[in-house]
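# Understanding the architecture of this molecule
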Amino acid sequence: KSIPMNFKDWFQQAKKPSYWITQDSPKDALYIGKLVYGFLIFLLLYRWYAGKFLMEIALSPVINPEVDNTFWLVLATGIPEFIINNPTICIIIDVSIFALACIGFIRNDKVKITWLFLGLFFIQTITIETYTSSHSKTAIAIMLILLAYGFRNQYWLRLWEFARYLLAFIMVNSAISKFYFGGIFQKDQMTNILLAQHTDILALAPQTLQSQIIQFLVTNSTFTNGIYYMAVLLQFVFIIAFFTKKYDKILAILLIGFVMGTHIMMRIYNLDLLFLILPLWFSSAYFSPIRSTSFQSNPREPKIIFQTR
(Lines give C-alpha, C1' and ligand atoms only; values in the text may rest on other atoms or scores of the structure.)
Protein backbone atom coordinates (compact mmCIF):
# COMPACT_ATOMS: atom_id res chain seq x y z
CA LYS A 1 0.00 0.00 0.00
CA SER A 2 1.27 3.46 -0.83
CA ILE A 3 2.16 5.59 2.16
CA PRO A 4 1.11 9.22 1.64
CA MET A 5 3.95 11.73 2.06
CA ASN A 6 3.55 14.93 4.00
CA PHE A 7 3.33 18.28 2.24
CA LYS A 8 6.94 19.24 2.97
CA ASP A 9 8.28 16.06 1.33
CA TRP A 10 5.94 16.51 -1.63
CA PHE A 11 7.02 20.14 -2.06
CA GLN A 12 10.68 19.11 -2.13
CA GLN A 13 9.94 16.65 -4.94
CA ALA A 14 7.64 19.07 -6.77
CA LYS A 15 10.46 21.63 -7.05
CA LYS A 16 12.29 19.25 -9.39
CA PRO A 17 11.27 19.47 -13.10
CA SER A 18 11.60 15.69 -13.36
CA TYR A 19 8.64 15.30 -10.96
CA TRP A 20 6.28 16.80 -13.55
CA ILE A 21 7.47 14.82 -16.57
CA THR A 22 7.80 11.31 -15.13
CA GLN A 23 5.25 8.75 -14.04
CA ASP A 24 4.63 8.46 -10.34
CA SER A 25 4.96 5.15 -8.49
CA PRO A 26 1.73 3.13 -8.81
CA LYS A 27 -0.88 3.88 -6.15
CA ASP A 28 -3.28 1.41 -4.55
CA ALA A 29 -6.98 1.77 -5.40
CA LEU A 30 -7.71 1.83 -1.66
CA TYR A 31 -5.48 4.89 -1.19
CA ILE A 32 -6.93 6.60 -4.27
CA GLY A 33 -10.45 5.77 -3.07
CA LYS A 34 -9.95 7.80 0.11
CA LEU A 35 -9.01 10.80 -2.01
CA VAL A 36 -11.89 10.19 -4.45
CA TYR A 37 -14.55 10.13 -1.75
CA GLY A 38 -12.87 12.92 0.23
CA PHE A 39 -12.89 15.13 -2.86
CA LEU A 40 -16.50 14.08 -3.48
CA ILE A 41 -17.59 15.30 -0.03
CA PHE A 42 -16.15 18.77 -0.66
CA LEU A 43 -17.61 18.82 -4.18
CA LEU A 44 -21.07 17.96 -2.86
CA LEU A 45 -20.81 20.80 -0.35
CA TYR A 46 -20.00 23.18 -3.18
CA ARG A 47 -22.86 21.79 -5.29
CA TRP A 48 -25.20 22.52 -2.39
CA TYR A 49 -23.82 26.09 -2.22
CA ALA A 50 -24.31 26.41 -6.01
CA GLY A 51 -27.97 25.34 -5.80
CA LYS A 52 -27.45 21.82 -7.15
CA PHE A 53 -29.47 20.12 -4.39
CA LEU A 54 -33.13 19.14 -4.62
CA MET A 55 -34.09 20.98 -1.43
CA GLU A 56 -33.24 24.24 -3.20
CA ILE A 57 -35.73 23.73 -6.02
CA ALA A 58 -38.56 21.72 -4.42
CA LEU A 59 -42.01 22.43 -5.91
CA SER A 60 -40.55 23.94 -9.09
CA PRO A 61 -43.33 23.89 -11.73
CA VAL A 62 -41.44 24.24 -15.04
CA ILE A 63 -39.44 21.51 -16.77
CA ASN A 64 -36.99 21.66 -19.67
CA PRO A 65 -35.39 18.29 -20.48
CA GLU A 66 -34.23 19.48 -23.92
CA VAL A 67 -33.64 16.88 -26.65
CA ASP A 68 -32.20 14.13 -24.49
CA ASN A 69 -33.57 10.59 -24.65
CA THR A 70 -32.22 9.67 -21.22
CA PHE A 71 -33.99 12.60 -19.60
CA TRP A 72 -37.27 11.84 -21.37
CA LEU A 73 -37.14 8.14 -20.40
CA VAL A 74 -36.56 8.97 -16.74
CA LEU A 75 -39.30 11.62 -16.79
CA ALA A 76 -41.69 9.05 -18.29
CA THR A 77 -41.42 6.99 -15.09
CA GLY A 78 -42.89 9.88 -13.09
CA ILE A 79 -40.12 9.63 -10.48
CA PRO A 80 -38.69 13.17 -10.92
CA GLU A 81 -42.19 14.68 -10.74
CA PHE A 82 -42.97 12.73 -7.57
CA ILE A 83 -39.70 13.85 -5.98
CA ILE A 84 -39.93 17.54 -6.86
CA ASN A 85 -43.49 17.77 -5.53
CA ASN A 86 -42.48 16.34 -2.14
CA PRO A 87 -40.03 18.64 -0.32
CA THR A 88 -39.47 16.03 2.40
CA ILE A 89 -38.41 13.44 -0.19
CA CYS A 90 -36.06 16.03 -1.69
CA ILE A 91 -34.34 16.53 1.67
CA ILE A 92 -34.13 12.77 2.30
CA ILE A 93 -32.43 12.18 -1.08
CA ASP A 94 -30.00 15.06 -0.61
CA VAL A 95 -29.03 13.96 2.89
CA SER A 96 -28.75 10.32 1.81
CA ILE A 97 -26.38 11.22 -1.02
CA PHE A 98 -24.11 13.18 1.31
CA ALA A 99 -24.25 10.40 3.94
CA LEU A 100 -23.32 7.76 1.35
CA ALA A 101 -20.32 9.87 0.31
CA CYS A 102 -19.17 9.98 3.94
CA ILE A 103 -19.66 6.22 4.36
CA GLY A 104 -17.77 5.60 1.12
CA PHE A 105 -14.85 7.62 2.53
CA ILE A 106 -14.75 5.41 5.63
CA ARG A 107 -15.27 1.98 4.08
CA ASN A 108 -12.53 0.07 2.28
CA ASP A 109 -14.86 -2.03 0.13
CA LYS A 110 -16.89 0.61 -1.66
CA VAL A 111 -18.79 -1.47 -4.23
CA LYS A 112 -22.29 -1.49 -2.67
CA ILE A 113 -22.02 2.06 -1.36
CA THR A 114 -20.92 3.27 -4.78
CA TRP A 115 -23.89 1.70 -6.57
CA LEU A 116 -26.32 3.14 -4.02
CA PHE A 117 -24.73 6.56 -4.42
CA LEU A 118 -24.76 6.41 -8.23
CA GLY A 119 -28.44 5.42 -8.28
CA LEU A 120 -29.55 8.29 -6.05
CA PHE A 121 -27.15 10.78 -7.63
CA PHE A 122 -28.43 9.89 -11.10
CA ILE A 123 -32.03 10.57 -10.11
CA GLN A 124 -31.03 13.75 -8.26
CA THR A 125 -29.08 15.06 -11.26
CA ILE A 126 -31.81 14.31 -13.81
CA THR A 127 -34.40 16.02 -11.62
CA ILE A 128 -32.28 19.09 -10.88
CA GLU A 129 -31.13 19.62 -14.45
CA THR A 130 -34.70 19.22 -15.75
CA TYR A 131 -36.38 21.56 -13.28
CA THR A 132 -33.68 24.24 -13.46
CA SER A 133 -33.34 24.21 -17.27
CA SER A 134 -29.57 23.99 -16.90
CA HIS A 135 -28.60 20.66 -18.48
CA SER A 136 -24.92 21.28 -17.66
CA LYS A 137 -23.81 17.65 -18.22
CA THR A 138 -20.67 18.05 -16.09
CA ALA A 139 -22.09 15.76 -13.39
CA ILE A 140 -21.08 12.88 -15.68
CA ALA A 141 -17.52 13.47 -14.43
CA ILE A 142 -18.59 12.45 -10.91
CA MET A 143 -20.43 9.35 -12.15
CA LEU A 144 -17.53 8.37 -14.38
CA ILE A 145 -14.93 8.35 -11.61
CA LEU A 146 -17.17 6.61 -9.08
CA LEU A 147 -18.20 3.94 -11.60
CA ALA A 148 -14.75 2.40 -11.25
CA TYR A 149 -15.41 1.81 -7.54
CA GLY A 150 -18.51 -0.20 -8.41
CA PHE A 151 -16.14 -2.95 -9.56
CA ARG A 152 -12.96 -4.69 -8.44
CA ASN A 153 -9.69 -6.03 -9.85
CA GLN A 154 -9.09 -5.58 -13.57
CA TYR A 155 -12.54 -4.05 -14.07
CA TRP A 156 -11.59 -1.22 -11.71
CA LEU A 157 -8.34 -0.69 -13.64
CA ARG A 158 -10.00 -0.53 -17.03
CA LEU A 159 -12.70 1.90 -15.85
CA TRP A 160 -10.10 4.06 -14.09
CA GLU A 161 -8.13 4.30 -17.32
CA PHE A 162 -11.32 4.87 -19.31
CA ALA A 163 -12.07 7.99 -17.22
CA ARG A 164 -8.66 9.38 -18.10
CA TYR A 165 -9.06 8.79 -21.82
CA LEU A 166 -12.60 10.17 -21.84
CA LEU A 167 -11.34 13.39 -20.26
CA ALA A 168 -8.79 13.70 -23.04
CA PHE A 169 -11.53 13.07 -25.62
CA ILE A 170 -13.80 15.73 -24.08
CA MET A 171 -11.08 18.37 -24.15
CA VAL A 172 -9.80 17.57 -27.65
CA ASN A 173 -13.32 17.25 -29.04
CA SER A 174 -14.19 20.66 -27.61
CA ALA A 175 -11.15 22.20 -29.32
CA ILE A 176 -11.91 20.56 -32.67
CA SER A 177 -15.56 21.63 -32.52
CA LYS A 178 -14.48 25.28 -32.37
CA PHE A 179 -12.82 24.76 -35.75
CA TYR A 180 -15.58 22.58 -37.21
CA PHE A 181 -18.38 24.99 -36.30
CA GLY A 182 -16.29 28.07 -37.07
CA GLY A 183 -16.24 29.62 -33.62
CA ILE A 184 -12.51 30.27 -33.70
CA PHE A 185 -12.84 32.10 -37.03
CA GLN A 186 -15.50 34.52 -35.80
CA LYS A 187 -14.30 38.05 -35.12
CA ASP A 188 -14.35 38.98 -31.42
CA GLN A 189 -15.89 35.61 -30.51
CA MET A 190 -14.78 35.75 -26.87
CA THR A 191 -15.91 39.34 -26.47
CA ASN A 192 -19.39 38.49 -27.74
CA ILE A 193 -19.56 35.46 -25.45
CA LEU A 194 -18.68 37.56 -22.41
CA LEU A 195 -21.32 40.16 -23.29
CA ALA A 196 -23.97 37.45 -23.66
CA GLN A 197 -22.93 35.72 -20.42
CA HIS A 198 -22.81 38.84 -18.26
CA THR A 199 -25.56 41.08 -19.58
CA ASP A 200 -27.46 40.83 -16.29
CA ILE A 201 -24.65 41.88 -13.94
CA LEU A 202 -23.35 44.53 -16.36
CA ALA A 203 -26.82 46.13 -16.29
CA LEU A 204 -27.80 45.53 -12.67
CA ALA A 205 -24.47 45.63 -10.83
CA PRO A 206 -21.93 47.51 -12.97
CA GLN A 207 -19.83 48.59 -9.95
CA THR A 208 -18.97 45.08 -8.72
CA LEU A 209 -15.46 43.70 -9.17
CA GLN A 210 -16.60 41.01 -11.60
CA SER A 211 -18.47 43.55 -13.74
CA GLN A 212 -15.39 45.77 -13.88
CA ILE A 213 -13.23 42.81 -14.94
CA ILE A 214 -15.71 41.93 -17.70
CA GLN A 215 -15.84 45.56 -18.83
CA PHE A 216 -12.03 45.57 -19.08
CA LEU A 217 -12.04 42.35 -21.12
CA VAL A 218 -14.81 43.57 -23.42
CA THR A 219 -13.06 46.86 -24.13
CA ASN A 220 -9.74 45.12 -24.81
CA SER A 221 -10.83 42.68 -27.48
CA THR A 222 -7.30 41.85 -28.67
CA PHE A 223 -6.30 40.66 -25.20
CA THR A 224 -9.63 38.85 -24.73
CA ASN A 225 -9.43 37.05 -28.05
CA GLY A 226 -5.90 35.99 -27.17
CA ILE A 227 -7.29 34.31 -24.03
CA TYR A 228 -9.81 32.50 -26.23
CA TYR A 229 -7.11 31.18 -28.58
CA MET A 230 -4.99 30.08 -25.62
CA ALA A 231 -7.97 28.22 -24.14
CA VAL A 232 -8.51 26.36 -27.42
CA LEU A 233 -4.81 25.47 -27.58
CA LEU A 234 -4.92 24.29 -23.97
CA GLN A 235 -7.83 21.98 -24.79
CA PHE A 236 -6.06 20.58 -27.83
CA VAL A 237 -2.88 19.89 -25.81
CA PHE A 238 -4.78 17.07 -24.08
CA ILE A 239 -4.25 14.98 -27.21
CA ILE A 240 -0.92 14.10 -25.56
CA ALA A 241 -2.83 11.91 -23.09
CA PHE A 242 -3.66 9.45 -25.89
CA PHE A 243 0.01 8.72 -26.49
CA THR A 244 1.78 8.93 -23.13
CA LYS A 245 1.21 9.30 -19.39
CA LYS A 246 4.50 11.11 -18.96
CA TYR A 247 2.94 14.58 -18.82
CA ASP A 248 -0.23 13.75 -16.87
CA LYS A 249 0.69 15.93 -13.88
CA ILE A 250 1.17 18.94 -16.14
CA LEU A 251 -2.16 18.21 -17.82
CA ALA A 252 -3.80 18.05 -14.38
CA ILE A 253 -2.52 21.54 -13.56
CA LEU A 254 -3.69 22.81 -16.96
CA LEU A 255 -7.13 21.35 -16.29
CA ILE A 256 -7.35 23.19 -12.97
CA GLY A 257 -6.45 26.46 -14.68
CA PHE A 258 -8.96 25.88 -17.49
CA VAL A 259 -11.86 24.99 -15.20
CA MET A 260 -11.23 27.81 -12.75
CA GLY A 261 -10.70 30.31 -15.56
CA THR A 262 -13.95 29.49 -17.35
CA HIS A 263 -15.85 29.35 -14.06
CA ILE A 264 -14.66 32.81 -12.98
CA MET A 265 -14.71 34.57 -16.35
CA MET A 266 -17.87 33.06 -17.81
CA ARG A 267 -19.88 32.05 -14.72
CA ILE A 268 -20.23 28.53 -16.10
CA TYR A 269 -20.70 25.80 -13.50
CA ASN A 270 -18.12 23.22 -14.54
CA LEU A 271 -16.27 22.51 -11.29
CA ASP A 272 -17.39 18.87 -11.50
CA LEU A 273 -14.73 18.48 -14.19
CA LEU A 274 -12.09 18.94 -11.48
CA PHE A 275 -13.01 15.42 -10.35
CA LEU A 276 -11.34 14.14 -13.51
CA ILE A 277 -7.97 15.39 -12.26
CA LEU A 278 -7.69 12.24 -10.16
CA PRO A 279 -7.26 9.66 -12.98
CA LEU A 280 -4.70 12.05 -14.49
CA TRP A 281 -2.70 12.54 -11.31
CA PHE A 282 -2.93 8.83 -10.40
CA SER A 283 -2.76 7.41 -13.92
CA SER A 284 -0.39 4.71 -12.69
CA ALA A 285 -2.42 2.52 -10.33
CA TYR A 286 -3.15 -1.01 -9.19
CA PHE A 287 -5.97 -2.81 -7.42
CA SER A 288 -5.05 -4.85 -4.37
CA PRO A 289 -7.86 -7.32 -3.50
CA ILE A 290 -9.39 -6.57 -0.11
CA ARG A 291 -9.05 -9.58 2.18
CA SER A 292 -10.18 -10.22 5.71
CA THR A 293 -7.24 -10.83 8.08
CA SER A 294 -9.12 -13.79 9.59
CA PHE A 295 -8.55 -15.69 6.34
CA GLN A 296 -4.86 -14.85 6.07
CA SER A 297 -2.46 -17.27 7.70
CA ASN A 298 0.29 -14.72 7.43
CA PRO A 299 -0.77 -11.04 7.60
CA ARG A 300 2.55 -10.03 6.03
CA GLU A 301 2.06 -12.27 3.02
CA PRO A 302 2.29 -10.13 -0.13
CA LYS A 303 -1.00 -9.52 -1.88
CA ILE A 304 -1.58 -10.32 -5.52
CA ILE A 305 -1.91 -7.09 -7.42
CA PHE A 306 -3.04 -6.05 -10.85
CA GLN A 307 -0.82 -3.29 -12.06
CA THR A 308 -0.81 -0.86 -14.95
CA ARG A 309 1.78 1.74 -15.75
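Structure: above.
What you are looking at is a predicted structure, and each value in this text was computed from that prediction instead of being measured.

## Concerning the packing of helix α8 (residues 140-147) against helix α9 (residues 153-180)
Look at α8 against α9: their axes get within 8 Å of each other, and the N-to-C directions meet at 150°. Taken together, the axes of α8 and α9 lie roughly antiparallel to each other. Contacts between α8 and α9 involve L144, I145 and L147 from the former and L159, W160, F162, A163 and L166 from the latter. Across the contact of α8 with α9, the residue classes tally to eight nonpolar, no polar and no charged.

## Examining unusual backbone geometry
Positive phi values are uncommon outside glycine, yet E66 reaches one of about 55°. Residue position: E66 is located in the loop between α3 (29-49) and α4 (69-76). A positive phi angle, near 55°, is found at S133, a position not held by glycine. Judged by its relative accessible area of 37%, S133 falls in the partly exposed class.

## Some thoughts on the pattern of salt bridges
Tallied over the entire structure, the rule returns six salt bridges. R152 serves as the salt-bridge partner of D109, at 2.8 Å between the closest nitrogen and oxygen. With D109 in the loop between α6 (87-106) and α7 (111-131) and R152 in the loop between α8 and α9, the pair connects residues that are 43 residues apart, well separated along the chain. Using a relative accessible area of 41% as the deciding quantity, one classes R152 as partly exposed. Taken together, the shared-partner salt bridges connect R158, E161 and K245 into one network.

## Brief notes about the packing of α3 against α6
Close contact between α3 and α6 brings their axes to 8 Å; oriented N to C, the two are set at 155°. On the basis of their axis angle, the class for α3 and α6 is roughly antiparallel. Considering only the axes of α3 and α6, their crossing is left-handed. Listed contacts from α6 to K34, Y37, G38, L40, I41, L44 and L45 of α3 are I97, F98, L100, A101, C102, G104, F105 and I106. Residues of the contact of α3 with α6, tallied by class, amount to 12 nonpolar, two polar and one charged.

Analysis parameters
- Residues numbered from 1 in each chain as written.
- Predicted model: local features only at pLDDT ≥ 70, side-chain atom pairs only at ≥ 80, totals over all residues.
- Heavy atoms only, no water.
- Axes fitted to C-alpha atoms, helices over the stretch in contact; angles between N-to-C directions.
- Helix = DSSP H or I, 4+ residues; strand = E, 2+ residues; numbered from the N terminus.
- Parallel < 35°, antiparallel > 145°, perpendicular 65-115°, else oblique.
- Contact = heavy atoms within 4.5 Å.
- Nonpolar A, V, L, I, M, F, W, Y, C, P; charged D, E, K, R; others polar.
- Buried < 20%, exposed > 50% of the residue type's maximum accessible area, 1.4 Å probe, protein only.
- Salt bridge = Lys/Arg side-chain N within 4 Å of Asp/Glu carboxyl O.
- Left-handed = near helix turned anticlockwise from the far one by under 90°.

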